[in-house]
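Close look at the chain arrangement
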Amino acid sequence: MKSLTVASGKNEPPLEPHGGDSGGNGRWQLLTVAKDGFVAHLLEGRLLAEGVEVVLDTSNPAPGAFLKPFGDPLAPVKVLVRSHDFDQATLILHDVDHQPPDPFATGSRRIRMLWIATVAAILGVAMLMVLDLLLFRAA
């Protein structure tokens, strides 16, 4: 399968990124908007590995985009797939986004509470020391 990165100033991808029609009447559907080019290329690689054609639209409609003529690596990237591959791509995207539950997530609350108790104890000792200096050392 092939991939094409679109860097034009237009908001729509080309109707046919390469010769020949592979179904879907050459129509592309927006799968997701990746937060930057790095995430988009990772997603592109996973989709291509599964046999899904991908178009990455790296055009940046931001007002100051002309200041970066070679593209902004931190700009959002539209990830488009063929219409007939959209369902498969959605399932792949769900697999990529799915993370198993963190076994240490319940322990993080305990650690946070321990941290708060430690800070409170340090502040309490500091206040007692200041009170000791003010009340008993001043005389």
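Reference entry: report on the structure contained in this document. Note that the structure is predicted; figures quoted are calculated from it, not measured.

Thresholds applied
Residues numbered from 1 in each chain as written. Predicted model: local features only at pLDDT ≥ 70, side-chain atom pairs only at ≥ 80, totals over all residues. Heavy atoms only, no water. Helix = DSSP H or I, 4+ residues; strand = E, 2+ residues; numbered from the N terminus. Buried < 20%, exposed > 50% of the residue type's maximum accessible area, 1.4 Å probe, protein only. Contact = heavy atoms within 4.5 Å. Areas by Shrake-Rupley, 256 points an atom, 1.4 Å probe, with all protein chains shown as cover. Salt bridge = Lys/Arg side-chain N within 4 Å of Asp/Glu carboxyl O. Expected span 1.5 Å × (residues − 1). Arc of directions from axis to C-beta. Polar contact = N/O pair within 3.5 Å; in protein donor to acceptor, adjacent residues only side chain to side chain. Axes fitted to C-alpha atoms, helices over the stretch in contact; angles between N-to-C directions. Parallel < 35°, antiparallel > 145°, perpendicular 65-115°, else oblique. Left-handed = near helix turned anticlockwise from the far one by under 90°.

Turning our eyes to something else, we now look at the overall build of the chain. Helix and strand counts for the chain stand at 3 helices and 4 strands. Shown N-terminal to C-terminal, the secondary structure of the chain runs as helices and strands in the order β-β-α-β-β-α-α. The buried share of the chain, taken over its 139 residues, is 22%. In the chain, of all internal contacts separated by at least 6 residues, the share reaching a separation of at least 24 is 80%. Here the chain displays about 10200 Å² of accessible surface, and carbon together with sulfur accounts for 66% of that area.

We now examine the pattern of salt bridges. Scanning the entire structure with this criterion turns up 2 salt bridges. Notably, a salt bridge pairs arginine 46 with glutamate 50, separated by 3.7 Å at the nearest N-O pair. Take arginine 46: its relative accessible area is 34%, and that puts it in the partly exposed class. What makes glutamate 50 partly exposed here is its relative accessible area of 39%. A salt bridge links glutamate 53 to arginine 82, with the nearest nitrogen and oxygen atoms 3.4 Å apart. One end of the pair, glutamate 53, is in the loop between helix 1 (37-49) and strand 3 (54-57); the other, arginine 82, is in strand 4 (residues 77-82), with 29 residues separating them in the sequence.

Another aspect to go through is helix 1. Taking 1.5 Å of rise per residue, 13 residues should cover 18 Å, and helix 1 covers 18 Å from first to last C-alpha, within 8% of that figure. All of the buried residues in helix 1 are Gly37, Ala40, Leu43, Glu44 and Leu47. One side of helix 1 holds all its buried residues, which, seen down the axis, span an arc of 125°. More than 90 degrees from the buried face of helix 1, the exposed residues found are Phe38, Leu42 and Ala49. By the N-cap criterion, in which a side-chain oxygen at the helix start approaches the backbone nitrogen of a residue two or three places on, helix 1 is capped by aspartate 36, the distance to phenylalanine 38 being 3.3 Å.

What follows covers the packing of helix 1 against helix 2 (residues 86-97). Following both chains from N to C, one finds helix 1 and helix 2 inclined at 125°, their axes separated by 10 Å at the closest point. When the interaxial angle is binned, helix 1 and helix 2 end up oblique. In the crossing of helix 1 with helix 2, the sense of the turn from one axis to the other is right-handed. Judged by residue contacts, Leu43, Arg46 and Leu47 of helix 1 engage Ala89, Ile92, Leu93, Asp95 and Val96 from helix 2.

Once that is clear, we can look at helix 2. Look at helix 2: 16 Å from first C-alpha to last across 12 residues, which is about the 16 Å you get at 1.5 Å a residue. Looking only at helix 2, the buried set comprises Ala89, Ile92 and Leu93. Each buried residue of helix 2 lies within a common arc of 100° when the element is viewed along its axis, so the set occupies one face. Those residues of helix 2 that are exposed and angled more than 90 degrees off the buried face are Asp87, Leu91 and His94. Tucked inside the fold, the buried residues of helix 2 contact strand 2 (28-34), helix 1 and strand 4.

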